[in-house]
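Examination of the molecular architecture
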Amino acid sequence: MENSYYEPIDAPSDAARDEGDFEYFRPTEATLSVWSPTMQHGGPPSALLMRSLLRCQPDPAQHFTRVTTEILGPVGLGVNRVAARVARPGRQISLVETELQVQQADGTFRAAARSVGWRLRVADTAEIANGPDPLTPGPDESKAVIGFSDDNGEAVDWGTLGFIGTIETVRAEGRNGSTPAVWLRPAIPLVDDEKTEDLESMFTVIDVANGLGTRLRPNRWTWMNTDTTVHLTRVPNGPWVGIDAHMIAGPDGFGSTFADLYDASGHIGRSAQTVMLSAVQ
């Protein structure tokens, strides 16, 4: 197993110096997609974008409450770079956006993914807090395994293919649809020699909801998501994320995956993904 999903590097010598305040990274094989060996799974790029959002003019009086990540094209395995900016500053509400670009064979960079996150001011609303019951059993009540294998035919048997082989999983009781819920956490850091923040850990695995919420077989269908939107109802705590997902397939070549999200203390929000459906030829 690789030591991390990304290794920080200096800007390539052929990168223009006046293109922005970018951080540069080299993706490792731990980022590989289950759909193709030439591109990254959606999870690590989403986490790298979340890392960029968190580091952009951080304000301890605000927390991220909604983050939308859009995949603009295949996120390749060449040099990756990210840069963020505050698009809408404010003391109570602010909007931060970031973009991930991938270097092409000719040395130029193209946009491959972007994220936009709303930050809201912190206030004490514990008196009126509510939400679904915690997900059971919790992540520490069963033995974690690497990857996701299904022997009961309840979901897709992803095994330990590519990125899936870098995450720890624990099965839980599902409430959405007919597939089980799953606790997940990355087994390796996001960036080499760097502590992974809780939100970064969460966004490393959140893209997997699309694969957990269906019984479709990848030898007959593909269901790639073009985006992921996460609405948070409180600040997540800890690296474990419980995902209780259900994919709804429409009759016109697309559908959606909806998931309830949990940490070890309880419900933390919901996610939604647009899914492009295609029959395997």
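Okay, so let's go over this structure. (Residues numbered from 1 in each chain as written. Predicted model: local features only at pLDDT ≥ 70, side-chain atom pairs only at ≥ 80, totals over all residues. Heavy atoms only, no water.)

**Details of the pairing of strand β12 (residues 241-249)**
In this structure, strand β9 (residues 181-186) lies alongside β12, joined through three bridges in antiparallel fashion. If you follow Trp183 over to β12, its bridge partner there is Gly242. The turn linking β12 back onto strand β13 (residues 254-263) is made up of four residues, and Gly253 within it adopts a positive phi angle of 90°. (Pairing = 2+ DSSP bridges. Helix = DSSP H or I, 4+ residues; strand = E, 2+ residues; numbered from the N terminus.)

**Topic: the packing of aromatic side chains**
A full pass over the atoms with the stated rule returns four aromatic pairs. Among the aromatic residues, those joined into a ring-pair cluster are Phe22, Tyr24 and Phe109. Sitting over the ring of Phe109, Arg81 keeps its end group 3.9 Å from the ring centre. (Phe/Tyr/Trp six-rings, centres within 6.5 Å; stacked < 30°, edge-to-face > 60°. Lys NZ or Arg CZ within 6 Å of the ring centre and 35° of its normal.)

**Quick word on the pattern of salt bridges**
Pairs can form between side chains of opposite charge once their charged atoms are near each other. Counted under the stated rule, the structure contains eight salt bridges. Note that Arg51 is salt-bridged to Glu23, the shortest N-O span being 3.0 Å. Pair noted here: Arg51 is in helix α1 (residues 43-55) and Glu23 is in strand β2 (residues 23-27), with a separation of 28 residues, a long-range link. Among the residues examined, Glu23 registers a relative accessible area of 30% and is labelled partly exposed. Between Arg85 and Glu97 there is a salt bridge, with the nearest N and O atoms lying 2.7 Å from each other. Taken together, the positions of Arg85 in strand β4 (residues 80-88) and Glu97 in strand β5 (residues 93-103) put the pair 12 residues apart, joining distant regions of the chain. Judged by relative accessible area, which is 48%, Arg85 ranks as partly exposed. One salt-bridge network, held together by shared partners, links Glu23, Arg51, Arg55 and Glu194. (Salt bridge = Lys/Arg side-chain N within 4 Å of Asp/Glu carboxyl O. Buried < 20%, exposed > 50% of the residue type's maximum accessible area, 1.4 Å probe, protein only.)

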